[in-house]
Amino acid sequence: MSTTIKPPFTRETALAKVKLAEDAWNTRNPEKVALAYSVNSEWRNRTEFFTGREAIKEFLTRKWQKELDYKLMKELWCYTDNRISVRFEYEWREAGGQWYRTHGNEHWEFDEEGLMRRRDMSANEYPIEEKDRRYK
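Residues numbered from 1 in each chain as written. Predicted model: local features only at pLDDT ≥ 70, side-chain atom pairs only at ≥ 80, totals over all residues. Heavy atoms only, no water.

Engineer: Please give an account of the pairing of strand E6 (residues 116-128) that cites residues and values.
Structural biologist: The two faces of the sheet receive side chains in turn, since in a regular strand these alternate between them. Here strand E1 (residues 37-45) runs beside E6; their pairing, made up of five bridges, is parallel. Its bridge partner being in E6, tryptophan 43 is matched across the sheet by arginine 119. Adjacent in sequence and paired antiparallel, strand E5 (residues 99-110) and E6 are bridged by five residues, among which glycine 114 carries a positive phi angle near 90°. (Pairing = 2+ DSSP bridges. Helix = DSSP H or I, 4+ residues; strand = E, 2+ residues; numbered from the N terminus.)

Engineer: Can you tell me about the sheet that holds strand E4 (residues 83-93), naming the residues and giving the values?
Structural biologist: With respect to topology, six strands assemble into an open sheet ordered E2-E1-E6-E5-E4-E3, the strand pairing being mixed. The open sheet has two edge strands with one neighbour each: strand E2 (48-51) and strand E3 (68-79). The average undirected angle you get between the axes of adjacent strands in this sheet is 20°. Packing of helix H1 (residues 11-25) onto the sheet brings it into contact with E1, E3, E4, E5 and E6, and relative to E3 it is tilted by some 165°. Each of E1, E2, E3 and E4 touches helix H3 (residues 53-66); the most contacted strand, E1, lies at about 50° to it. (Axes fitted to C-alpha atoms, helices over the stretch in contact; angles between N-to-C directions. Contact = heavy atoms within 4.5 Å.)

Engineer: Requested: an account of the nonpolar core, with residues and values cited.
Structural biologist: Residues Trp25, Trp43, Leu60, Ile84 and Trp108 are the most contacted members of the largest nonpolar core, which totals 31 residues. At the level of elements, H1, helix H2 (30-34), E1, H3, E3, E4, E5 and E6 are the ones that each hand at least two residues to this core. Here this core gets six residues from one element, more than from any other, and that element is H1. Discounting chain neighbours no more than four positions away, the residues touching leucine 60 are Trp25, Pro30, Val33 and Trp43. (Core = buried A, V, L, I, M, F, W, Y, C linked by side-chain atoms within 4.5 Å. Buried < 20%, exposed > 50% of the residue type's maximum accessible area, 1.4 Å probe, protein only.)

Right, dumping it as structure tokens:
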């Protein structure tokens, strides 16, 4: 299957789109991840709102400077013609060594070319012990 997956989505293509996103985010490479978003993509990430690939790159750079050893799991929740919703969990540690698990959901909307034009994310996190990690 091509890595360019365009709407309208089927169950198979929605699952593949989610897997591509999970794999890209696990690279922790802001340049690579940002390529999946339209140049004017609109984001809500918790309490932050911003628009555009450059803002996405800046956000991800800050994120992964703080969230060390980041490891993510995404799971398809539902989909329509040009929208996908996922639930996710990821684990990370801060510089002082404390581990965290973050979980939540994202709602994605895609343009005709398969680029994400809107991302709406809600999440919660809590400290965990290193021995309780699920994602390594």
